[in-house]
Amino acid sequence: MRDEILSGLKMLEPWFHRIDLGGGIFTKTESVMGEPVDHPRESWEIIRQCLPADLAGKSVLDVGCNGGFYCVEAKRRGAGRVLGVDGQRQHVRQALFVRKVLGLGLEFRRFSVYDLQPATVGVFDITLALGLVYHLKHLVLALERLYEVTNELLIIETAIIPPEQTPPSFVQALGEIRQTLHPLVYAENPPEAKEQVYNWFLPSPGALRALLLNTGFEEVRVFSVIRDRAVLVCRKRATGGAPNVHDYVATLAFAAPPPVTVPAGEKVTFKLRATNTGHAPWPAVGAPETKGIVRLGAHLLGANEEEINWDGGRAILPRDVAPGETAELEFIFRAPAKAGDYIVEFDMVAEHVTWFEDFGPGVLRHRLTVG
């Protein structure tokens, strides 16, 4: 067995994570790129302080998991579901080998950070994004994806602009608006550069904190800055608190084929299915003027996209809809009195707060001919 393990380790070289496989065997015995041989031990000593001592029952997602060091440590702390994803096949192969040797209940998948969504991987109590940010060509999109799949806590460890070369943040007036501008630098790369290998952006701690707050996290704390590395701890709003507008996300679909042609001035029924793909529950009960009540609304546009009737009515949810749940609704719509081609746009609305399209993927559109 020992010879098989050593042979497997050799086949999967080079290893960036040094993981104890027992019996005096470690995945890594020499530095790959000048990092300490025991990497990521130094980072782990910081990260472990950001985690609960007992992870019993907690789900953990490790994005950019490499050989699986942090997944192993999370499982050893009692975590429930632990999923590691990485964009490089070699790292996933290494992690699967570690899982086999240690016999731990871990999941590993080759997966892009940009494809992370509740529908593809689920939602996790704790998300780790360690050594990831500077490898992201589409930084803001990736942070939004991390937000979507995190239920409680996101921990980020990243390279930053070297402190001695970081210019200060400053306030700039844009008319009556005063904005704080933070330094963020771009690393120039050759055209053939592979995204997962090369560095793209190096933020200052202040810039990354501002990005995470704008993404929707309620609390973002710079936990540590050591040389040119930083750790940030991000927390989402606790369940039951006032919803964050970033948490209003819906997926709409027709539950039955919608009518295509209707008589002028007649009422027509659309049957829709609304899935709560955000993090905020949708309250259904309350008077129309109650702030935050969630309902289905519709806009009527002409074939040329010009607005005809922005508020085309409401459909009431049959019950409160929790994140991940789906409700079916009937929307009664009165066709215009004038014949022609129209577009009906359906969207959820949190009354007196926001239409969902302002923070989500968009509306459900349907072309309608009025005869």
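Residues numbered from 1 in each chain as written. Predicted model: local features only at pLDDT ≥ 70, side-chain atom pairs only at ≥ 80, totals over all residues. Heavy atoms only, no water.

Peer 1: How should the packing of helix H5 (residues 139-148) against helix H6 (residues 205-215) be read in this particular structure?
Peer 2: Helix-helix packing is described using two parameters, namely the angle between the two axes and the distance between the axes. Taken N-terminus to C-terminus, the directions of H5 and H6 make an angle of 55°; their axes are 10 Å apart at the nearest point. Accordingly, the angle class assigned to the pair H5 and H6 is oblique. Helix-helix and strand crossings are classified by hand; for H5 and H6 the assignment is right-handed. Facing Leu-139, Val-140, Leu-143, Glu-144 and Tyr-147 of H5, the residues of H6 in contact are Leu-208, Leu-211, Leu-212 and Thr-215. (Axes fitted to C-alpha atoms, helices over the stretch in contact; angles between N-to-C directions. Helix = DSSP H or I, 4+ residues; strand = E, 2+ residues; numbered from the N terminus. Parallel < 35°, antiparallel > 145°, perpendicular 65-115°, else oblique. Left-handed = near helix turned anticlockwise from the far one by under 90°. Contact = heavy atoms within 4.5 Å.)

Peer 1: Teacher, can you tell me more about the sheet that holds strand E5 (residues 107-110) here?
Peer 2: Consider a sheet: its strands pair through backbone hydrogen bonds, and that pairing is either parallel or antiparallel. Here seven strands make up an open sheet; going across it, the order is E5-E4-E3-E6-E7-E13-E12 and the pairing mixed. Here the strands that pair on one side only, and so sit at the sheet edges, are E5 and strand E12 (219-226). Neighbouring strand axes in the sheet, compared pairwise and without regard to direction, differ in orientation by 15° on average. Pairing analysis gives four bridges linking strand E4 (residues 82-86) to E5, with the strands arranged parallel. Each bridged residue has a counterpart across the sheet, and for Gly-84 the counterpart in E5 is Phe-108. Against the sheet, H5 engages strand E3 (60-63), strand E6 (124-130) and strand E7 (150-159), with an angle of about 145° to E7. (Pairing = 2+ DSSP bridges.)

Peer 1: Hey, could you run me through the environment of Ile-126 in this one?
Peer 2: Structurally, the position occupied by Ile-126 is in strand E6. Of the residues examined, Ile-126 reaches a relative accessible area of 2% and is grouped as buried. Along the sequence, Ile-126 and Arg-48 sit 78 residues apart, while their C-alpha atoms lie 13 Å from each other. Sequence-distant contacts of Ile-126, defined by excluding residues within four places in its chain, comprise Leu-51, Pro-52, Leu-55, Ser-59, Val-60, Leu-61 and Leu-153. (Buried < 20%, exposed > 50% of the residue type's maximum accessible area, 1.4 Å probe, protein only.)

Peer 1: Even after reading the chapter, I still don't get the pattern of salt bridges, so can you show me in this structure?
Peer 2: A side chain with one charge can pair with a side chain of the opposite charge if their charged atoms come near. Tallying each qualifying case throughout the model produces 16 salt bridges. One salt bridge in this structure joins Glu-152 and Lys-58, with 3.1 Å as the shortest N-O distance. Here the residue Glu-152 occupies a position in strand E7, and Lys-58 occupies one in the loop between helix H2 (41-50) and E3, the gap between them amounting to 94 residues. Its relative accessible area of 31% is what places Glu-152 among the partly exposed residues. The exposure class assigned to Lys-58 is partly exposed, which follows from its relative accessible area of 23%. Measuring nitrogen to oxygen at the nearest pair gives 2.9 Å for the salt bridge that ties Glu-107 to Arg-81. In this pair, Glu-107 is assigned in strand E5 and Arg-81 in the loop between helix H3 (69-76) and E4, connecting sequence segments 26 residues apart. For Glu-107, a relative accessible area of 31% puts it in the partly exposed group. By relative accessible area, Arg-81 is classed as partly exposed at 34%. In the salt-bridge network here, residues are joined through shared partners; they are Arg-41, Glu-45 and Arg-48. (Salt bridge = Lys/Arg side-chain N within 4 Å of Asp/Glu carboxyl O.)

Peer 1: Sorry, what's going on with the sheet that holds strand E16 (residues 267-276) here?
Peer 2: With antiparallel pairing, the three strands of this open sheet are ordered in space as E14-E16-E20. Both edges of this open sheet fall to strand E14 (250-254) and strand E20 (326-334), since each of them pairs with a single strand only. Geometrically, the sheet is characterised by an average inter-axis angle of 30° between neighbouring strands, direction not taken into account. Sheet analysis places E14 next to E16, joined by five bridges and oriented antiparallel. Among the inter-strand pairings, Leu-252 is bridged to a residue of E16, identified as Ala-274.

Peer 1: I'm lost on the nonpolar core in this one. Help?
Peer 2: Generally speaking, nonpolar side chains in soluble globular proteins are found buried as a group. Ranked by internal contacts, the top residues of the largest apolar core, which has 36 residues, are Leu-21, Ile-47, Phe-97, Leu-128 and Ile-155. Residue assignment for this core shows that the elements contributing at least two residues are helix H1 (2-11), H2, H3, helix H4 (89-102), E6, E7 and strand E13 (229-235). Apart from the residues within four sequence positions on either side, Phe-97 is in contact with Ile-5, Gly-8, Leu-9, Leu-12, Trp-15 and Leu-21. Phe-111, Leu-132, Val-133 and Ile-156 belong to the second-largest nonpolar core, a separate cluster that totals 33 residues. (Core = buried A, V, L, I, M, F, W, Y, C linked by side-chain atoms within 4.5 Å.)

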